[in-house]
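# Inside the fold
These are the residues of each chain, in order.
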Amino acid sequence: EWGGTTEVVKTSAINGDGIQDLLDTLDFQAELLELKADFDGNSEGTVLESQVEDGRGAVARVLVQEGQLHKGDFIVAGRAFGRVRDIIDDHGKRIDEAGPSTPVAISGIDEVPNAGDKFYIVDSLKAAESAAEEAKLAERERELAQPKVTLDNIFDRMKDSGAKELPLVVKGDVQGSVETLRNVLGKIGSDEVRVSIKHSAVGGISESDVMLAQASGAIIIGFNVTTTAKARNVAEQRGVDIR
């Protein structure tokens, strides 16, 4: 509305204002810009969300953007790979294939990918595993490039900066929650104390999370997740705080 190329549509997710205007604008722009998807060939798209579900394992909610996604396809999604075991549409119905602009939930992958990861289909499970390993390696290199606070160097770092830190272990129900918590908690702090996230992952709070929290003197923050009875007992015995 300021004369630029970016459309401005006022909407409210709470009461539904402007949603139809938004859909009409998207439809008009797609026609105007002649945006078209390729319905043939192997599927590609983006991971919107991911989580671990009981009985299904790692589940990725994806948006198909190109080609046809079929049940049984070999898939790579960031660091995750596998064979598509089932496809569920946005109405909770099992389907055998999905085309462009379709949001679906798929299972059959070995772990949860990150929200925003690209997914694509390859010819074999071996090729999928190889591509996922490359993604893991790149992720590991990025992590190693960042300075790590360890039990060995924590006192030196605190002495250098004059700051103390609050270590946290973060667990969430879905990947999007974990990423948001990491970003938000990481920004909380003051000149005297800063937040340091020692570990974050999707899933319930386990015994290994408690052991890690004890070793690093951390507090465990759980968002929309449960704690196993064994983990609760160990936490009580070892004085680990779970919130």
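Okay, so let's go over this structure. (Residues numbered from 1 in each chain as written. Predicted model: local features only at pLDDT ≥ 70, side-chain atom pairs only at ≥ 80, totals over all residues. Heavy atoms only, no water.)

### Focus on the overall build of the protein chain
What the protein chain contains, in helices and strands, is 6 helices and 12 strands. Summarising its shape, the C-alpha atoms of the protein chain cover approximately 60 × 50 × 35 Å along the three principal directions. Buried residues in the protein chain amount to 37% of all 243 residues. Restricting the contact set of the protein chain to residue pairs at least 6 apart, pairs at least 24 apart contribute 66%. Accessible surface for the protein chain amounts to roughly 15200 Å². Of this, 51% is attributable to carbon and sulfur atoms. Distance from the positive charge centre (28 side chains) to the negative charge centre (43 side chains) of the protein chain: 9 Å. (Helix = DSSP H or I, 4+ residues; strand = E, 2+ residues; numbered from the N terminus. Buried < 20%, exposed > 50% of the residue type's maximum accessible area, 1.4 Å probe, protein only. Contact = heavy atoms within 4.5 Å. Areas by Shrake-Rupley, 256 points an atom, 1.4 Å probe, with all protein chains shown as cover. Lys, Arg positive; Asp, Glu negative; His and termini not counted. Charge placed at Lys NZ, Arg CZ, Asp CG, Glu CD.)

### Points about the sheet that holds strand β12 (residues 219–223)
On the basis of which strands lie adjacent, the open sheet formed by 3 strands has the order β11-β10-β12 and parallel pairing. The open sheet is flanked by β11 (193–202) and β12, the only strands paired with a single partner. Strand-to-strand twist in this sheet, taken as the mean axis angle between neighbours without regard to direction, amounts to 30°. In this sheet, β12 lies alongside strand β10 (residues 164–172) in parallel orientation, the contact comprising 5 bridges. Looking at β12, one finds that glycine 172 is bridged to phenylalanine 223. The sheet contacts of helix α5 (residues 207–216) involve β10, β11 and β12, and relative to β10 the element is tilted by about 175°. (Pairing = 2+ DSSP bridges. Axes fitted to C-alpha atoms, helices over the stretch in contact; angles between N-to-C directions.)

### Let's talk about the pattern of salt bridges
Under the definition given, this model contains 10 salt bridges. Two residues, aspartate 86 and arginine 56, come together in a salt bridge whose shortest N-O distance is 2.8 Å. With aspartate 86 in strand β5 (residues 80–88) and arginine 56 in the loop between β1 (44–53) and β2 (57–66), this pair connects stretches of sequence that are 30 residues apart. A single burial state applies to aspartate 86 and to arginine 56, both of which are buried. Counted as one network, the salt bridges with shared partners bring together Glu53, Arg56, Arg61, Asp86 and Arg94. (Salt bridge = Lys/Arg side-chain N within 4 Å of Asp/Glu carboxyl O.)

### Brief notes about the side chain of serine 50
Position of serine 50 relative to the elements: it lies in strand β1. Looking at serine 50, its side chain comes within polar contact range of the main-chain oxygen of proline 113, at 2.6 Å. The residues touching serine 50, leaving out its near neighbours within four places in the chain, are Val59, Ala60, Val112, Pro113, Val174 and Gln175. (Polar contact = N/O pair within 3.5 Å; in protein donor to acceptor, adjacent residues only side chain to side chain.)

### Looking at unusual backbone geometry
Here serine 101, not a glycine, exhibits a phi torsion of approximately 70°, which is positive. Mapped onto the fold, serine 101 is located in the loop between β7 (97–98) and β8 (102–109). With relative accessibility at 61%, the residue serine 101 sits in the exposed group. Even without being glycine, asparagine 224 reaches a positive phi, approximately 60°.

### Concerning the layout of surface pockets
Approximately 190 Å³ is the volume found for the second largest pocket. What lines the second largest pocket is simply Leu35, Lys36, Ala37, Phe39, Leu63, Val64, Gln65, Pro100 and Ser101. Split into classes, the residues belonging to the lining of the second largest pocket amount to 6 nonpolar, 2 polar and 1 charged. (1 Å grid on protein atoms, 1.4 Å probe; cavity = no way out; pocket = protein on both sides within 12 Å on 5 of 7 lines; lining within 4 Å. Points joined across faces, edges and corners; volume = space filled by probe spheres on them. Nonpolar A, V, L, I, M, F, W, Y, C, P; charged D, E, K, R; others polar.)

### Considering the pairing of β10
Burial of β10 is extensive: 7 of the 9 residues sit out of reach of the surface. The sheet contact formed by β10 and β11 spans 9 bridges and is parallel. Looking at β11, one finds that lysine 171 is bridged to alanine 201. Between β10 and its parallel partner β11, the chain crosses via helix α4 (residues 175–187), and the hand of that crossover is right-handed. (Right-handed = clockwise from strand over helix to strand, strands pointing away.)

### Some points on helix α1 (residues 19–32)
The end-to-end C-alpha distance of α1, which contains 14 residues, comes to 20 Å, matching closely the 20 Å that a straight helix rising 1.5 Å per residue would cover. Just downstream of α1, glutamate 34 is the residue with a positive phi angle, here 55°. (Expected span 1.5 Å × (residues − 1).)

### Focus: the nonpolar core
Ranked by size, the top nonpolar core spans 21 residues in total, and within it Leu69, Ile75, Ile87, Val104, Ile106 and Phe119 carry the most contacts. For this core, the secondary-structure elements that each account for two or more residues are β2, β4 (74–77), β5, β8 and β9 (118–122). If one sorts the elements of this core by residue count, β2 sits on top with 4 residues. Setting aside its immediate chain neighbours within four residues, isoleucine 75 contacts Ala80, Phe81, Gly82, Val84, Ile106, Ile109, Phe119, Tyr120, Ile121 and Ala128. In terms of nonpolar packing, the next biggest core, distinct from the first, is built from 10 residues, Val169, Ile205, Ala213 and Ile220 among them. (Core = buried A, V, L, I, M, F, W, Y, C linked by side-chain atoms within 4.5 Å.)

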